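Structural overview for review
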Amino acid sequence: MSDTLAPTHRFPFVQPNGDPLVPVPSPGSERVARITLPTGREAWLVSHHDDVRQLLRSPDFSSDFSHPLFPLLREAPLLDESRRAGFFIGMDAPDHTMFRRFLTPEFMIKAMRRLEPLIRETVVESIESMRAAGSPADLVEWFALPVPSMIICHLLGVPYSDHAFFQQRSRTLLNRKSSMPELRAAGDELRGYLADLVAVKQRDGGTDDLLGRLAVERVATGEITAQELVGISVLLLVAGHETTANMIGLGTLVLLRHPDQLAQLRERPELIDGAVEELLRYLTIVRTGLPRLAVADTEIGGQVIRAGEGAIALLSAANRDPEAFARPDEFDLHRAAHSHMAFGFGVHQCIGQPLARSELRIAFAELTTRLPGLALAGDQTDLVFRDSTVFGVERLPVTW
Ligand code: HEM
């Protein structure tokens, strides 16, 4: 067991000329490395598969963003109580448990299966609109972004006609380079927009969509406040479209870079489930890792992490740990990749994963069969990748 302070490495690591699809490895040799975050605060970097699992399921690590010692991955505006209300990704039990309990039934696999005909219809319509617009086209603009945005809007009861407004604010919130005033403005505008919508749902009393149901079944009964419902909707709207959109864009790029495997997928549609899990593992779009604060001394990977110290669970490294996945840097759709942690692990594990999986399976299945001649347009070296909390590609010009 090591209890001495190792040298620190500046995090996140950069490697300007490497393949952007390959996460940059830790420069040090320590199993649990000492790092300096962009805020100047130090933390422990946990990157082995077993260690990340242990950390994320341990009750000795908190997700409470509002704690003054919390290892934020960037400077963030100090948020008062009303701006944090309902934002349960940054909370611990018992509040976190209560919000999860209200939402879990809405996102269960059975509920998502019922949504699949609508997902398929949306996917097919988007492909046909892109085809009608003519080749070449930007797959992100025509397909990867609209499909999950339309579905999360339908589920929540948010008008899709407002997509330009909420997509732009979401992007600012997730961009690691946004300034403090930009972050505060984007957060306030999104909350203001959703507060108006929640007020309408409360007044109308309809239960056809998730926000309406929560307004009637939880706010009207006094279990949660309207402000908390606004926080929940911000979280679901942002997390519910940008993540899956990036997976569709990048996933298409990976499939096009592996034409043999793409051909197999076309010939054997039953491979789609495994292909989606492998894409999730290989890309691990939540690249910067999950921050946690130790609330009790805990030993992880031979390192004692003291109460009050921060730790970052680096999902992208855990998902390429050679002890968990043989030849981890190879994309192999035949691999049994289901033990990946692209959706996190433990009590905060992604609540939207059944939805994301349905969207990804249908999106890749329809795209590969409906556009058999799909290919990248232009020079791959021109692709611009998004340096954000969630990794993505800005535009993906394609022909077919
Ligand atoms: C949590 C990834 C899609 C809603 C998470 C976490 C990860 C993640 C890694 C864990 C955060 C933590 O432990 O601190 C992804 C990926 C997605 C995706 C890779 C797409 C491929 C979605 C969708 C929704 C969603 C479609 C909405 C319906 C959430 C919410 C949380 C969460 C609300 C917080 C859960 C909690 O704190 O209990 N996601 N997500 N995600 N995700 Fe996703």
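See the structure printed just above.
This one's a predicted model, so the numbers in the text were calculated from it and none came from an experiment.

Neighbouring residues of the ligand: 23 residues in total, closest Gly 240, Gly 344, His 348, Cys 350 and Gly 352. Broken down by secondary-structure element, the contributors of at least two residues to the shell around the ligand are α10 (226-257) and α14 (353-370). With seven residues, α10 is the single largest residue contributor to the shell around the ligand.

To continue, consider the environment of Thr 288. Along the chain, the position of Thr 288 falls in the loop between α12 (272-283) and β6 (290-294). Through-space distance from the C-alpha of Thr 288 to that of Phe 11 is 8.8 Å; in sequence the pair is 277 residues apart. When near neighbours in sequence (up to four residues on either side) are disregarded, Thr 288 contacts Pro 12, Leu 73 and Thr 389.

The six strands lie next to each other as β1-β2-β3-β9-β6-β4, forming an open sheet whose pairing is mixed. Of all the strands in the sheet, just β1 (8-10) and β4 (61-62) have a single pairing partner and so form its edges. As judged from the two bridges shared by β4 and β6, these two strands associate in the antiparallel manner. Bridging from a neighbouring strand, Phe 61 pairs with Ala 294 of β6. Contacting β2 (32-36), β3 (42-46), β4, β6 and β9 (310-313), helix α1 (residues 49-57) crosses the sheet at an angle of about 125° to β9.

Turning our attention to the sheet that holds strand β5 (residues 137-138). Hydrogen bonding along the main chain pairs the strands of a sheet, whether they run parallel or antiparallel. As summarised here, the arrangement of the three strands in space is β5-β13-β10, forming an open sheet in which the pairing is antiparallel. At either margin of the open sheet sits one strand with a lone partner, and together these are β5 and β10 (375-376). By the bridge criterion, two bridges tie β10 to strand β13 (residues 397-399) in an arrangement that is antiparallel. Looking at the pairing, Leu 376 lines up with Val 398 of β13.

Right, let's get into the pairing of β3. With four of five residues buried, β3 is to be regarded as a mostly interior element. Relative to β3, β2 is paired through five bridges, and the arrangement is antiparallel. Bridge pairing in β3 places Ile 35 opposite Ala 43. Linking β2 to β3, which pair antiparallel, is a turn of five residues; within it Gly 40 sits at a positive phi near 95°. Relative to β9, β3 runs parallel, the two being bridged by four bridges. When the bridges of β9 are listed, Leu 45 appears paired with Ile 312.

A word on unusual backbone geometry. Note that the residue after Phe 11, namely Pro 12, is joined by a cis bond; omega there is -5°. Relative to the helices and strands, Pro 12 resides in the loop between β1 and β2. A cis amide bond links Ala 93 with the next residue in sequence, Pro 94, at an omega value of 5°. Structurally, Pro 94 can be placed in the loop between α2 (81-84) and α3 (95-103). The phi dihedral of Thr 284 falls on the positive side, at around 30°, and the residue is not glycine. Within the secondary structure layout, Thr 284 lies in the loop between α12 and β6.

Criteria and thresholds
- Residues numbered from 1 in each chain as written.
- Predicted model: local features only at pLDDT ≥ 70, side-chain atom pairs only at ≥ 80, totals over all residues.
- Near = placed C-beta within 6 Å.
- Helix = DSSP H or I, 4+ residues; strand = E, 2+ residues; numbered from the N terminus.
- Contact = placed C-beta atoms within 7 Å.
- Pairing = 2+ DSSP bridges.
- Axes fitted to C-alpha atoms, helices over the stretch in contact; angles between N-to-C directions.
- Buried ≥ 20, exposed ≤ 12 C-beta atoms within 10 Å, placed from the backbone.

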